[in-house]
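# Topology and contacts: notes
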Amino acid sequence: MSALLRVEGLTVTLNGSRAVRGVSLSVREGEVVSIVGPNGSGKSTLLMAIMGLLRPDGGRVIFNGSDVTALPANERARLGIRLVPSEREVFPLMTLRENLLVSWEAGPRKESFGEALERVLEVFPWMRQRLRVKAGNLSGGERRMLAIAMALMSSPRLLLVDEPSSGLSPRAVAAVLGSMRSLEGSGLSVLLAEQNLEVALKLSRRILVMRSGEVLAEREVSDPVAVSALIRSLLWG
Ligand code: ADP
Ligand code: MG
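Just so it is clear, the model here is predicted, and its values are computed rather than measured.

Here the focus is the sheet that holds strand E5 (residues 66–67). Across the sheet, which stays open at both edges, the four strands sit in the order E2-E1-E4-E5 with antiparallel pairing between neighbours. The open sheet has two edge strands with one neighbour each: strand E2 (17–28) and E5. Of the strands in this sheet, strand E1 (3–14), E2 and strand E4 (58–63) are in contact with helix H1 (residues 43–51), which crosses E1 at around 115 degrees.

Structure representation (structure tokens):
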């Protein structure tokens, strides 16, 4: 498998302080990779720089073989990169269907709205009966799933998901995880930022540990117990 995303020595400065310091990573086609690290370690900053919402002062972002470092976010979106932020992710006064529609309209429209909707409803079957419900009436977990569904409406190649578990009850986290796992094998590449190590271990094959803007280690998740122990010692030891 070739790398769909390659980040090389990326550095991002926010208000004079280096939030991301020389980060390099890659995500292959169809691969789910997690970045774990405590609050303030630079995960969101890194995802925003990959999306093109923040300008790095060093390093490169290579997507599908092309250097996209100078491209604005909307052009990266057109190439197939989508970011699911961890907050303010849906339009609360619009119905689920309307949320999905605006998201489809903003995308490349490679398939009809109906086709995209069917593809997304296979991942989130519960939405079918609730398409006319206003997004503001959904629970926190349902809203998070809607945000992911909206991103999927544009048939992205790389999904950047920021803290899918944050602020959710354990039950809601389980529901979000279940739907995200059903994406496995769809060919979609996912880069996930998570404070919750259990979530990262359940969703990804490879984990990057980030602290103070730097990647400390990178591990395959073949032995979750060993990986979990190692990561705990790196982060909190
Ligand atoms: P994480 O997502 O891992 O919690 P962030 O990327 O949000 O980390 O933050 C990385 C660092 O950048 C932190 O030190 C944080 O305080 C700082 N930071 C985040 N957002 C801003 C901002 N808008 N302006 C200045 N500093 C910020
Ligand atoms: Mg964050």
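Moving on, we come to the site of ligand 1. Looking at ligand 1, the residues that line it are Leu14, Asn15, Ala19, Pro38, Asn39, Gly40, Ser41, Gly42, Lys43, Ser44 and Thr45. Asn15 is positioned such that a nitrogen or oxygen atom in its side chain is 3.3 Å from a nitrogen atom of ligand 1. Between ligand 1 and the protein, one listed contact pairs an oxygen atom with a side-chain N or O atom of Asn39 at 3.1 Å. Computed on the free molecule, ligand 1 has an accessible area of 560 Å², of which 59% lies beneath the protein chains in the complex. Per element, the largest residue contribution to the shell around ligand 1 is three residues, and it comes from H1.

Okay, unusual backbone geometry next. Not every positive phi belongs to a glycine, and Asn64 is a case in point at roughly 50 degrees. On the secondary structure map, Asn64 appears in the loop between E4 and E5. Positive phi, close to 50 degrees, is recorded for Ser212, a residue that is not glycine. For Ser212, the location among the structural elements is in the loop between strand E9 (206–211) and strand E10 (214–220). The class of Ser212 is partly exposed, set by a relative accessible area of 48%.

Turning next to the side chain of Thr69. Along the polypeptide, Thr69 turns up in the loop between E5 and helix H2 (73–79). Thr69 gets classed as buried once you look at its relative accessible area, which sits at 16%. For Thr69, the side chain forms a polar contact with the side chain of Asp67, separated by 2.5 Å. Non-local contacts of Thr69, meaning those with residues more than four positions away in its chain, are made with Arg55, Pro56, Gly59, Arg60, Val61 and Arg76.

The next subject is the packing of helix H3 (residues 96–105) against helix H4 (residues 113–123). The N-to-C vectors of H3 and H4 enclose an angle of 120 degrees; their axes lie 11 Å apart at closest approach. Taken together, the axes of H3 and H4 lie oblique to each other. Between H3 and H4 lies a crossing of right-handed hand. Facing H3, whose interface residues are Arg97, Leu100, Leu101 and Trp104, H4 presents Phe113, Ala116 and Leu117.

Below, the discussion takes up H4. Along H4, the positions that sit buried rather than exposed are Phe113, Ala116, Leu117, Val120, Leu121 and Val123. Down the axis of H4, the sector holding all buried residues measures 145 degrees, keeping them to one side.

On to the pairing of strand E7 (residues 158–162), then. Burial of E7 is extensive: five of the five residues sit out of reach of the surface. Inspection of the sheet shows strand E6 (residues 81–84) paired to E7 by four bridges, in the parallel sense. The residue of E7 that forms the bridge with Arg82 is Leu159. Relative to strand E8 (residues 189–194), E7 is paired through five bridges, and the arrangement is parallel. By the bridge assignment, Leu160 is partnered in E8 with Leu191. For the crossover from E7 across helix H6 (residues 170–181) to E8, the handedness is right-handed.

Tallied over the entire structure, the rule returns one aromatic pair. Centroid distance Trp104 to Phe113: 5.9 Å. Interplanar angle 65 degrees. Geometry classified as edge-to-face. Trp104 gets classed as buried once you look at its relative accessible area, which sits at 13%. The exposure class of Phe113 is buried, given its relative accessible area of 11%.

This next bit is on the environment of Gly167. Following the sequence through the fold, Gly167 ends up in the loop between E7 and H6. Counting along the chain gives 81 residues from Gly167 to Ser86, while the straight-line C-alpha distance between them is 9.1 Å.

Scoring rules and cut-offs
- Counting from 1, residues in each chain are numbered in the order their sequence is written.
- Lettering for chains starts from A, numbering for ligands starts from 1, and both go in the order in which the items are written.
- Local features are withheld for residues below a pLDDT of 70 in this predicted model, meaning they are given only at 70 or higher, and side-chain atom pairs are given and counted only at 80 or more; totals for whole chains, interfaces and linings count all residues.
- Side-chain figures throughout are based on the complete set of non-hydrogen atoms in the structure, without hydrogens or water.
- Two strands make a pair as long as DSSP finds a minimum of two bridges between them.
- To qualify as a helix, a DSSP run of H or I must reach at least 4 residues; to qualify as a strand, a run of E must reach at least 2; elements of each kind are numbered from the N terminus.
- Every residue pair with non-hydrogen atoms within 4.5 Å of one another is taken to be in contact.
- Working convention: axes come from line fits to C-alpha atoms, limited for helices to the stretch in contact. Angles between N-to-C directions cover 0 to 180 degrees.
- When we say a residue is near a molecule or strand, we mean one of its heavy atoms is within 4 Å of it.
- Here a polar contact means two N or O atoms within 3.5 Å. Within protein one must be a hydrogen donor candidate and the other an acceptor candidate, and residues neighboring in sequence count only if both atoms are side-chain atoms.
- Each accessible area value is a Shrake-Rupley result obtained with a 1.4 Å probe; residue values ignore everything except the protein chains displayed when judging cover.
- Burial classes follow relative accessibility: with a 1.4 Å probe on protein chains only, a residue under 20% of its type's maximum area counts as buried, one over 50% as exposed, and anything between as partly exposed.
- In what follows, roughly perpendicular refers to angles from 65 to 115 degrees, roughly parallel to angles under 35, roughly antiparallel to angles over 145, and oblique to any angle outside these ranges.
- Each crossing is labelled by how the near helix is turned from the far one, with a counterclockwise turn of less than a right angle marking it left-handed and a clockwise turn marking it right-handed.
- Arc definition: it is the arc formed by the directions from the helix axis to the C-beta atoms.
- With the strands pointing away from the viewer, any crossover whose connection runs clockwise from the first strand over the helix to the second is right-handed.
- The criterion for an aromatic pair is that two Phe, Tyr or Trp rings (for Trp, the six-membered ring) have centres within 6.5 Å, with stacked assigned to planes under 30 degrees apart, edge-to-face to planes over 60 apart and tilted to the rest.

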